[in-house]
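Geometric and topological summary
Here is how the chains run, residue by residue.
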Amino acid sequence: MGTLLQSMPKAGYPADWSKALKLLLVDPDRGMNLRNDILHGLTGTPPRHYVALILQAALYLLSHAHGQRTPPGTTP
């Protein structure tokens, strides 16, 4: 997962989102590490705000992948 997140800028995603997702999903020291907590069953039923954060990130990535987001200063 970490390697995938690090390669996001090369795939055309903004670098700041790569960092944000790393904090959300895999950084146990500075972030939430939700991937580990949820996938390994360390959190029973995830709290509603965990679900909302993960879904928000997924919606952002999908919108970017489908050309619904453009970098600042550009036109679609």
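Here the structure is a predicted model, which is why all the values come from computation and not from measurement.

Focus on the environment of Gly-2
When you line up the elements, Gly-2 lands in helix α1 (residues 2-6). For Gly-2, a relative accessible area of 33% puts it in the partly exposed group. Residues Gly-2 and Lys-22, 20 residues apart in the sequence, show an inter-C-alpha distance of 7.0 Å.

Some points on the nonpolar core
Counting 10 residues, the largest nonpolar core consists of Leu-5, Met-8, Tyr-13, Leu-21, Leu-24, Leu-25, Val-26, Leu-34, Tyr-50 and Ala-57. It is helix α2 (residues 15-25) that provides the largest number of residues to this core, a total of 3 residues. Other than its neighbours up to four places away in sequence, Tyr-13 contacts Met-8, Leu-61, His-64 and Ala-65.

Considering unusual backbone geometry
At Asn-33, a residue that is not glycine, the phi angle is positive and equals roughly 55°. Its place among the elements puts Asn-33 in the loop between α2 and α3 (34-39).

Some remarks on the side chain of Asp-37
Here Asp-37 lies in helix α3. Here Asp-37 occupies a buried position and makes no salt bridge, while the nearest side chain of opposite charge, Arg-35, is found at 8.7 Å. Once you skip the residues sitting within four places of it in the chain, Asp-37 turns out to touch Met-32, Leu-42 and Thr-43.

About the criteria used
Every chain is numbered on its own, with residues counted from 1 as its sequence reads. Thresholds applied to this predicted model are a pLDDT of at least 70 for local features of residues and 80 or more for the giving and counting of side-chain atom pairs; totals over whole chains, interfaces and linings are not thresholded and use all residues. In computing side-chain values, all of the structure's heavy atoms are included and hydrogens and water are not. Secondary structure elements follow DSSP: runs of H or I no shorter than four residues count as helices, runs of E no shorter than two count as strands, and numbering proceeds from the N terminus. For every residue, the accessible area obtained with a 1.4 Å probe (protein chains only) is divided by the maximum for its type, and the residue is called buried under 20%, exposed over 50%, and partly exposed between those limits. Among buried residues, the Ala, Val, Leu, Ile, Met, Phe, Trp, Tyr and Cys ones that are joined through side-chain atoms within 4.5 Å form a nonpolar core. By definition, residues are in contact when any of their heavy atoms lie within 4.5 Å. Under the convention used here, Asp and Glu are negative, Lys and Arg are positive, and both His and the chain ends fall outside the count. Take a side-chain nitrogen of Lys or Arg and a carboxyl oxygen of Asp or Glu: if they are within 4 Å of each other, that pair is a salt bridge.

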